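As a plain string of letters, each chain reads:
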Amino acid sequence: MDALKNMQLRLAELVSEINTIQKDIGKIVNNTQGLQAQLTENSLVKAELELLEDDAKVYKLVGPVLMDQDVAEARLNVNKRVEFIKGDLQRQEERMKTLEKKQDQKRSEMREIQAKMQGLAQRLQQQAATRASG
């Protein structure tokens with residue numbers, strides 16, 4: 001019976017761990033959506049900046065003030081931002097894969113424990129039936 005209790009405790013731990021992983025995956029999905037929106041916005045800005053002549057007037061919003069900015073500097077800043085966002089998206093994707101793999105391992109362990117518990121329950125029933133008939 002101790003073995004059964006230990007298995008039940010481990011199952012409860014696994015369920016808790018899987019729930020935590022699922023919450024983390026949800027956070028990553030939300031972060032990824034935000035990053036995708038930022039990437040889209042910055043890609044549009046990048047495309048618009050590419051259309052401008054080098055001597056065009058570009059302004060950058062700094063707090064409540066519009067500041068004059070060089071077109072080349074604006075292009076450089078936006079390009080850096082796009083690359084940074086892409087890097088963040090890549091890290092989020094890698095983290096997601098790691099968590100999904102971890103979740104699959106936990107679920108596999110759960111199935112193994114459930115199968116062992118089922119086998120143990122059947123053996124206990126057989127022993128009880130043997131005792132009752134004997």
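A brief look at the structure comes next. (Residues numbered from 1 in each chain as written. Predicted model: local features only at pLDDT ≥ 70, side-chain atom pairs only at ≥ 80, totals over all residues. Heavy atoms only, no water.)

What follows covers the pairing of strand β2 (residues 65-69). Looking down a regular strand, the side chains alternate between one sheet face and the other. The pairing of strand β1 (residues 58-62) with β2 spans five bridges and is classified as antiparallel. Bridge pairing links Leu-61 to Leu-66 in β2. From the end of β1 to the start of β2, which pair antiparallel, there are two residues, and Gly-63 there has a positive phi angle of about 65°. (Pairing = 2+ DSSP bridges. Helix = DSSP H or I, 4+ residues; strand = E, 2+ residues; numbered from the N terminus.)

Applying the stated criterion to the full structure yields eight salt bridges. Among the salt bridges present, the one from Asp-68 reaches Lys-57, with a minimum N-O distance of 3.9 Å. Here the residue Asp-68 occupies a position in strand β2, and Lys-57 occupies one in the loop between α1 (2-51) and β1, the gap between them amounting to eleven residues. No difference in accessibility class separates Asp-68 from Lys-57, as the two residues are exposed. The residue Asp-88 makes a salt bridge to Arg-91 at a minimum N-O spacing of 2.4 Å. Of this pair, Asp-88 and Arg-91 both sit in helix α2 (residues 71-133), three residues apart, which is roughly one turn of that helix. A relative accessible area of 46% means that Arg-91 is categorised as partly exposed. Each of Arg-10, Glu-13, Glu-17, Lys-106 and Glu-109 takes part in one network of salt bridges that share partners. (Salt bridge = Lys/Arg side-chain N within 4 Å of Asp/Glu carboxyl O. Buried < 20%, exposed > 50% of the residue type's maximum accessible area, 1.4 Å probe, protein only.)

What follows is about the side chain of Arg-75. On the secondary structure map, Arg-75 appears in helix α2. A distance of 3.0 Å separates a polar side-chain atom of Arg-75 from the backbone oxygen of Leu-49. (Polar contact = N/O pair within 3.5 Å; in protein donor to acceptor, adjacent residues only side chain to side chain.)

Tracing the backbone through its elements, the reader meets Thr-98 in helix α2. Using a relative accessible area of 45% as the deciding quantity, one classes Thr-98 as partly exposed. With 38 residues separating them along the chain, Thr-98 and Lys-60 place their C-alpha atoms 39 Å apart.

Moving on, we come to the nonpolar core. Grouped together as the largest cluster of nonpolar side chains are ten residues: Leu-35, Leu-39, Leu-49, Val-58, Val-71, Ala-74, Val-78, Val-82, Ile-85 and Leu-89. Of all the secondary-structure elements, those providing two or more residues to this core are α1 and α2. At six residues, α2 tops the list of elements feeding residues into this core. Setting aside chain neighbours within four positions, we find Leu-35 in contact with Ile-85, Asp-88, Leu-89 and Gln-92. Core analysis: the next-biggest nonpolar cluster, separate from the first, contains nine residues, Leu-4, Met-7, Ile-18 and Ile-113 among them. (Core = buried A, V, L, I, M, F, W, Y, C linked by side-chain atoms within 4.5 Å. Contact = heavy atoms within 4.5 Å.)

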